[in-house]
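# Structural overview
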Amino acid sequence: MKVDGNDMRPIWFDNKTSTAKVIDQRKLPHKIEIVDLPTVDHVIMAIKEMLVRGAPLIGATGAFGVYTILFENRDNTNIKNNTDQCNNLIQSECKRLKNARPTAINLAWGVDRVMNHVLKEQGYDAKMNAALEEACFIVEEEAENCKNIGEHGASLIEEVSRKKQNLTDKTVNILTHCNAGWLATVEYGTATAPMYVAFDKGIDIHVWVDETRPLNQGARLTAWELGKHGIKHTVITDNAGGHIMQHGMVDLVIVGTDRTTRTGDVANKIGTYLKALAAKDNNIPFYVALPSSTFDWSIKDGLAEIPIEERDPDEIRYIQGLDINGKITSVLVPPEQSPAANHAFDVTPARLVTGFVTERGICKALESDILSLFPEQFSTQSRHL
Ligand SMILES: CSC[C@@H](O)[C@@H](O)C(=O)COP(=O)(O)O
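Residues numbered from 1 in each chain as written. Predicted model: local features only at pLDDT ≥ 70, side-chain atom pairs only at ≥ 80, totals over all residues.

Here we take up the sheet that holds strand E10 (residues 259-261). What the four strands build is an open sheet, ordered E13-E10-E11-E16; its pairing is mixed. Strands at the two margins of the open sheet, each flanked by one partner only, are strand E13 (295-296) and strand E16 (345-348). Of the pairings in the sheet, the one linking E10 to strand E11 (residues 266-269) comprises two bridges and is antiparallel in character. Of the residues in E11, the one forming a bridge with Arg259 is Ala267. (Pairing = 2+ DSSP bridges. Helix = DSSP H or I, 4+ residues; strand = E, 2+ residues; numbered from the N terminus.)

This is how it looks when you write it as structure tokens:
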């Protein structure tokens, strides 16, 4: 996507250094800082500390992580000359990569996909080349998936726009939570992709951006992205959604997801469930946009089976922003001694979801409908079979 006229992605491969590079999203929107990922420890740190975040981006970063295992050990003759030792190292490092964050299924998906590719190859250089090739392929494929999500999802916005043509206020008001934009994917985003497509087609849209405490991905990242694209938006507190829905100020909710079961239960950033409840109570369509890499085909019960990450309570206790000297700084909010609990995600049951926007089209939040878009997953072993 364009930032001040320049093409930008949150991750890319730098041929000069032979390493993946990422934008450090902790510093946005105040500073664009690029970080190099030359070792697996760097990759794990980037995922854990959320320099990169958002399910599809975590998946892409994990995919490059597998390449990094081989890049990092390229001068280790013991590993290079012993296939068993090399494969054991790849498998144990991949396990470490997959443990960096638990909720987004894309991480395990991206790592396993590249790992399985690499283990089949004979010879160190062939393995390293295969890892890089597959990681780059995943990045392009996810970008294409998000583009298609945008095309399909824009039809929902166009439909609302058509219905509003006889009203004085024709603006389509969309609410979103967290950041499911290009910063969370590779290009376009998931929840934001339909917004970018609709806006580019000339539809009058306005986006309510939940600030998304504790790390403010909405206020910091979604607002920045939308602003750079010229899309009208307003940052609101996380608790304002219900109120504005009751007052007819929201036509449509679109969010992303970190893991969705084959039955349509949706894990996403903490607070998503409350938005879905409020949308249901106000008859407002609640859509979830996702690439197929975010479905967990092996599970059926999101509440019981999706692991919910619990992060450092200090992310709640401290809030980060620019001080009056223009320096990024953190300040303590609650009393020093008060404990805090940081549940990073929640699960919205399928019954509250109007539908899914995927790269293959839109479907209802029902196992049969989801599988009719992805019939090849019909026989994927659910843990319940
Ligand atoms: C297209 S990204 C979808 C989700 O990953 C996004 O909504 C989200 O919850 C991100 O959480 P984060 O903790 O910032 O990684």
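Next comes the rest of the account.
One open sheet accounts for three strands, arranged E3-E4-E5; its pairing is antiparallel. The open sheet is flanked by strand E3 (11-14) and strand E5 (34-37), the only strands paired with a single partner. Between one strand axis and the next, the sheet turns by 30° as a mean value, whatever way the strands run. In this sheet, strand E4 (residues 19-23) lies alongside E3 in antiparallel orientation, the contact comprising four bridges. Bridge pairing in E4 links Ile11 to Val22. (Axes fitted to C-alpha atoms, helices over the stretch in contact; angles between N-to-C directions.)

It is worth spelling out the UniProt feature "binding site: substrate" (unreviewed entry) in the protein chain at this point. Those residues carrying the UniProt feature "binding site: substrate" (unreviewed entry) are Arg53, Gly54, Ala55, Arg101, Gln217, Asn268 and Lys269 in this numbering. In contact with Arg53, other than residues within four places in its own chain, are Gln25, Ile58 and Ala184. On the secondary structure map, Gly54 appears in the loop between helix H1 (40-48) and helix H2 (55-72). Those residues in contact with Gly54 that lie beyond four places of it in its chain are Asn179, Ala180, Leu183, Ala184 and Thr185. (UniProt positions renumbered as here; feature names shortened; annotations may be inferred. Contact = placed C-beta atoms within 7 Å.)

With that settled, the discussion passes to the site of the ligand. Taken together, 18 residues are adjacent to the ligand, and Arg53, Ala180, Ala184, Gly256 and Lys269 come closest. Breaking the shell around the ligand down by element, the ones donating at least two residues are H2 and E11. Grouping the constituent residues of the shell around the ligand by class yields seven nonpolar, eight polar and three charged. There are two domains that each give the shell around the ligand at least three residues, and those are domain 1 (2-140) and domain 2 (151-377). (Near = placed C-beta within 6 Å. Nonpolar A, V, L, I, M, F, W, Y, C, P; charged D, E, K, R; others polar. Domains from an automatic or database assignment.)

Our focus in this paragraph is the UniProt feature "active site" (unreviewed entry) in the protein chain. Under the present numbering, the feature "active site" (unreviewed entry) in UniProt falls on Asp258. Mapped onto the elements of the fold, Asp258 is located in the loop between strand E9 (252-255) and E10. According to the C-beta neighbour criterion, Asp258 is buried, with 32 such atoms within 10 Å. Apart from residues no more than four positions distant in its own chain, Asp258 is found in contact with Ala55, Thr103, Ala104, Ala267, Asn268, Thr294 and Phe345. (Buried ≥ 20, exposed ≤ 12 C-beta atoms within 10 Å, placed from the backbone.)

For the bond running from Leu28 to Pro29, omega is 10°, close enough to zero to count as cis. When you line up the elements, Pro29 lands in the loop between E4 and E5. At the junction of Arg213 and Pro214, the peptide bond is cis and its omega measures out at 10° in the coordinates. Relative to the helices and strands, Pro214 is located in the loop between strand E7 (205-210) and helix H8 (217-229). Even without being a glycine, Ser18 presents a positive backbone phi close to 55°. Inspection of the secondary structure assignment puts Ser18 in the loop between E3 and E4.

We now examine the confidence of the model for the protein chain. For the protein chain, per-residue confidence averages 97 on the pLDDT scale, and residues scoring 70 or more make up 99% of the total. As a predicted assembly, this complex carries a pTM of 0.97 together with an ipTM value of 0.99. (pLDDT = per-residue confidence, 0-100.)

Our focus in this paragraph is the domain arrangement of the protein chain. Under the domain assignment used here, the protein chain contains domain 1 (2-140) and domain 2 (151-377). With 25 residues of domain 1 in contact, the opposing surface of domain 2 contributes 28 residues. Those elements giving two or more residues to the side of domain 1 that touches domain 2 turn out to be H2 and helix H5 (105-120). If one sorts the elements of the side of domain 1 that touches domain 2 by residue count, H2 sits on top with five residues.

Right, let's talk about H5 for a bit. An ideal rise of 1.5 Å per residue puts 22 Å on 16 residues; H5 measures up with 23 Å between its terminal C-alpha atoms. Listed as buried for H5 are Ile105, Asn106, Leu107, Ala108, Trp109, Gly110, Val111, Val114, Met115 and Val118. Looking at the buried residues of H5, the elements they touch are H2, helix H4 (83-98), helix H6 (124-163), E10 and E13. (Expected span 1.5 Å × (residues − 1).)

This part is about the nonpolar core. By size, the foremost hydrophobic cluster in this structure holds 104 residues, and its most contacted members are Val66, Ala131, Ala135, Val253 and Ala289. Ranked by the residues each element gives to this core, the list is headed by H6, at 12 residues. Summarising the domain contributions, this core has at least three residues from each of domain 1 (2-140) and domain 2 (151-377). Beyond its immediate sequence surroundings of up to four residues, Ala135 is in contact with Ala63, Phe64, Val66, Tyr67 and Val114. (Core = buried A, V, L, I, M, F, W, Y, C linked by C-beta atoms within 7 Å.)

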